[in-house]
Amino acid sequence: MRLFVPAAALLLAGLTPHFAAAQTTVIERDRPDTIVIDRPSTESKTVETRESSDGCSSKTVTKTNDMGDRKTVHKESCD
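Some details on the side chain of T62
Next, step 1: Inspection of the secondary structure assignment puts T62 in strand β2 (residues 56-65).
Next, step 2: By relative accessible area, which is 19% here, T62 ends up buried.
Next, step 3: Only 3.4 Å separates the side chain of T62 from the side chain of T72, close enough to count as a polar contact.
Next, step 4: Those residues within four positions of T62 in sequence are excluded, and the remaining contacts are S44, K45, T46, R70, K71 and T72.

Okay, structure coming up:
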């Protein structure tokens, strides 16, 4: 019995590296392509400012890009 315990320990110690050897799996994924947003290179901007005698003023800004998209912002203020 005294010989059996050390022999079993030696046997397990010899087999342990085979069982404990971990396998590493590396998963490589392709990166998505870089997204490039093209902004219109030219943009026309019209600013119109009006002031009245009663202290009120208004400002209208209109922007138009080469694709024909138009945005208008109007702001009024009175003192």
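Concerning the pairing of strand β1 (residues 43-51)
Next, step 1: Summarising burial for β1: zero of the nine residues are buried, a small minority.
Next, step 2: Note: β1 against β2, nine bridges, orientation antiparallel. Within the sheet, the bridge partner assigned to E43 lies in β2 and is N65.
Next, step 3: The turn joining β1 and β2, which pair antiparallel and follow one another in sequence, is formed by four residues; a positive phi near 95° is taken by G55.

Topic: the sheet that holds strand β3 (residues 70-78)
Next, step 1: Here three strands make up an open sheet; going across it, the order is β1-β2-β3 and the pairing antiparallel. Edge positions in the sheet fall to β1 and β3, since each of these pairs with one other strand and no more. Going across the sheet, the axis of each strand differs from the next one's by a mean of 10°, ignoring polarity.
Next, step 2: As paired strands, β2 and β3 are joined by nine bridges and run antiparallel to one another. Bridged to K59 within β3 is K75.

About the cut-offs
- Residues numbered from 1 in each chain as written.
- Predicted model: local features only at pLDDT ≥ 70, side-chain atom pairs only at ≥ 80, totals over all residues.
- Heavy atoms only, no water.
- Helix = DSSP H or I, 4+ residues; strand = E, 2+ residues; numbered from the N terminus.
- Buried < 20%, exposed > 50% of the residue type's maximum accessible area, 1.4 Å probe, protein only.
- Polar contact = N/O pair within 3.5 Å; in protein donor to acceptor, adjacent residues only side chain to side chain.
- Contact = heavy atoms within 4.5 Å.
- Pairing = 2+ DSSP bridges.
- Axes fitted to C-alpha atoms, helices over the stretch in contact; angles between N-to-C directions.

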